[in-house]
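# Coordinate inspection notes
Spelled out, the chains give:
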Amino acid sequence: MAFAAEELQSDDVLLDAYSTSVADAVDRIGPAVCRIERIGAGGHGSGFVIAQDGLVVTNFHVVGDARAVRVTMPDGANREGHVLGRDPDTDIALVRADGSFADVAPLGDSKRLRRGQIAIAIGNPLGFEWTVTAGVVSALGRSMRASTGRLIDDVIQTDAALNPGNSGGPLVSSAGEVIGVNTAMIHGAQGIAFAVASNTANFVISEIIRFGRVRRAFIGVSADTTNLPRRAALLSQVTTNTAVRLRSVEKNGPAAKAGLTEGDIIAAIDGRPVTGVDDLVRMLDAERIGRGTLCTVVRRSGVSQVVVTPVARS
């Protein structure tokens, strides 16, 4: 009996630790989460403040083509905001809200995520404002299509419950850092929802701040993050355990013209390791447009060096 009592007490301690981790993360990030409404167009979603001068991250499909939005904070304060830029390719938009903000939600490093890690979603689903749900990171490096029909790479799969209105809100780690931007759920499925990884969001935000849009080189592929076998890593002379596998190659695109095919694994670009889809997205920046780019490609037949010349994405 004493053993059973000690076991129950140990379970209570573990539950309390889990609850405390979730509650602390919500206390840290929750005050920076906002409701986003298109002015004069209807519809709403979520967002979160990333800088005290009013920079707010949300989804492209939340703001659509709107120029102005209403930003409502948990304390009831309403601010008007204007859309600085949007990127349909990643379903990310950046808003500048009027005024200053004391609470911000820092973006974490999504490359450090592990499957099974706690994932907390905060948002405004179905009109139930500032709702918290929790689950785990179910999978990493997924690809999915945005509401525009465009393919989004480097997506986090989670079983944290998301519903309409959660879009644009933060997916948060137990450390109180934003690890993703909630973007979609699969209707009719339970426990399958998606968020754009924070590293991809950070890249998009930087591009919008600098150029007002995301300039991106295009090679015509979709890809998934995959494990890189040790032998392949040695042959390709990279020191990483992961790379990207091409899931599809667009006919007559730059990759196809260079000889890349479905199933090829890109381990490095110009000698720099490609550890995941987020690396591929960031490396294919505007500086590579029209410039020969050396890809280290792992195939069953061995390792090849393939030169691809990216074009500007329309």
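A brief structural summary.

The rules we used
Residues numbered from 1 in each chain as written. Predicted model: local features only at pLDDT ≥ 70, side-chain atom pairs only at ≥ 80, totals over all residues. Heavy atoms only, no water. Helix = DSSP H or I, 4+ residues; strand = E, 2+ residues; numbered from the N terminus. Rg over C-alpha atoms; globule rule 2.2 N^0.38 Å. Buried < 20%, exposed > 50% of the residue type's maximum accessible area, 1.4 Å probe, protein only. Contact = heavy atoms within 4.5 Å. Areas by Shrake-Rupley, 256 points an atom, 1.4 Å probe, with all protein chains shown as cover. Core = buried A, V, L, I, M, F, W, Y, C linked by side-chain atoms within 4.5 Å. Pairing = 2+ DSSP bridges. Axes fitted to C-alpha atoms, helices over the stretch in contact; angles between N-to-C directions. Phe/Tyr/Trp six-rings, centres within 6.5 Å; stacked < 30°, edge-to-face > 60°. Lys NZ or Arg CZ within 6 Å of the ring centre and 35° of its normal. Salt bridge = Lys/Arg side-chain N within 4 Å of Asp/Glu carboxyl O. 1 Å grid on protein atoms, 1.4 Å probe; cavity = no way out; pocket = protein on both sides within 12 Å on 5 of 7 lines; lining within 4 Å. Points joined across faces, edges and corners; volume = space filled by probe spheres on them. Nonpolar A, V, L, I, M, F, W, Y, C, P; charged D, E, K, R; others polar.

To continue, consider the overall build of the protein chain. Counting secondary structure elements, the protein chain contains 6 helices and 20 strands. For a compact globule of 314 residues, the expected C-alpha radius of gyration is about 20 Å, and the protein chain comes in at 21 Å, within 12% of that figure. Across the 314 residues of the protein chain, 49% fall into the buried class. Expressed as a percentage of contacts within the protein chain between residues at least 6 apart in sequence, the contacts between residues at least 24 apart total 59%. Total accessible area computed for the protein chain in this model is approximately 14900 Å², and 48% of it derives from carbon and sulfur atoms.

A word on the nonpolar core. By size, the foremost hydrophobic cluster in this structure holds 64 residues, and its most contacted members are I36, V71, I120, L260 and I266. Of all hydrophobic cores here, the second largest spans 13 residues; its members include L113, A119, A160 and L171.

Another point: the sheet that holds strand β2 (residues 44–49). Strand order in the closed barrel formed by 6 strands is β1-β2-β3-β6-β5-β4, with antiparallel pairing between adjacent strands. Between one strand and the next, the sheet's axes are offset by a mean angle of 40°, whatever the strand orientation.

Below, the discussion takes up the packing of aromatic side chains. The geometry of an aromatic ring pair comes down to the distance between the two centres and the angle between the two planes. The final tally for this structure, using the stated rule, is 0 aromatic pairs. Taking NZ or CZ as reference, R79 lies 4.4 Å from the ring centre of F101, over its face. Here R215 stacks its cationic end above the ring of F211, 3.8 Å away from the centre of that ring.

The subject of this paragraph is the environment of V33. Mapped onto the elements of the fold, V33 is located in strand β1 (residues 33–38). With a relative accessible area of 0%, V33 lands in the buried category. Sequence spacing of V33 and N124 is 91 residues, and the spatial spacing of their C-alpha atoms is 9.2 Å. Sequence-distant contacts of V33, defined by excluding residues within four places in its chain, comprise G47, F48, M73, P74, I122, G123, W130 and P170.

With that out of the way, let us pick up the pairing of strand β6 (residues 92–97). Within β6, 5 of the 6 residues are buried, which leaves the element mostly enclosed by the surrounding structure. Alignment of strand β5 (residues 78–87) against β6, held across 6 bridges, turns out to be antiparallel. Bridge assignment links R86 to a residue of β6, and that residue is A93.

Next up on the list: the pattern of salt bridges. For the structure shown, the criterion picks out 12 salt bridges. The shortest N-O distance in the salt bridge between R35 and E37 comes to 3.5 Å. Judged by its relative accessible area of 14%, R35 is buried. For R299, the salt bridge is made with D264, and the minimal N-O distance between the two is 3.0 Å. Placement of the pair is R299 in strand β18 (residues 293–299) and D264 in the loop between α5 (254–258) and β16 (265–269), with a sequence separation of 35 residues. If you follow the salt bridges from partner to partner, you end up with R35, E37 and E129 in one network.

Considered as a void within the structure, the largest pocket measures approximately 600 Å³ in volume. If you go around the largest pocket, you meet 21 residues; those closest to its centre are L113, L140, G141, T225 and T242. Among the secondary structure elements, those contributing two or more residues to the lining of the largest pocket are β8 (131–145), β9 (151–158), β14 (221–227) and α6 (277–283). Here the lining of the largest pocket is composed, by residue class, of 6 nonpolar, 8 polar and 7 charged.

Along any regular strand, the residues point their side chains to alternate faces of the sheet. By the bridge criterion, 7 bridges tie β14 to strand β15 (residues 242–249) in an arrangement that is antiparallel. When the sheet's bridge partners are listed, V221 is paired in β15 with V249. Direction of pairing for β15 relative to β16: antiparallel, over a ladder of 2 bridges. Bridge pairing in β16 links V244 to I266.

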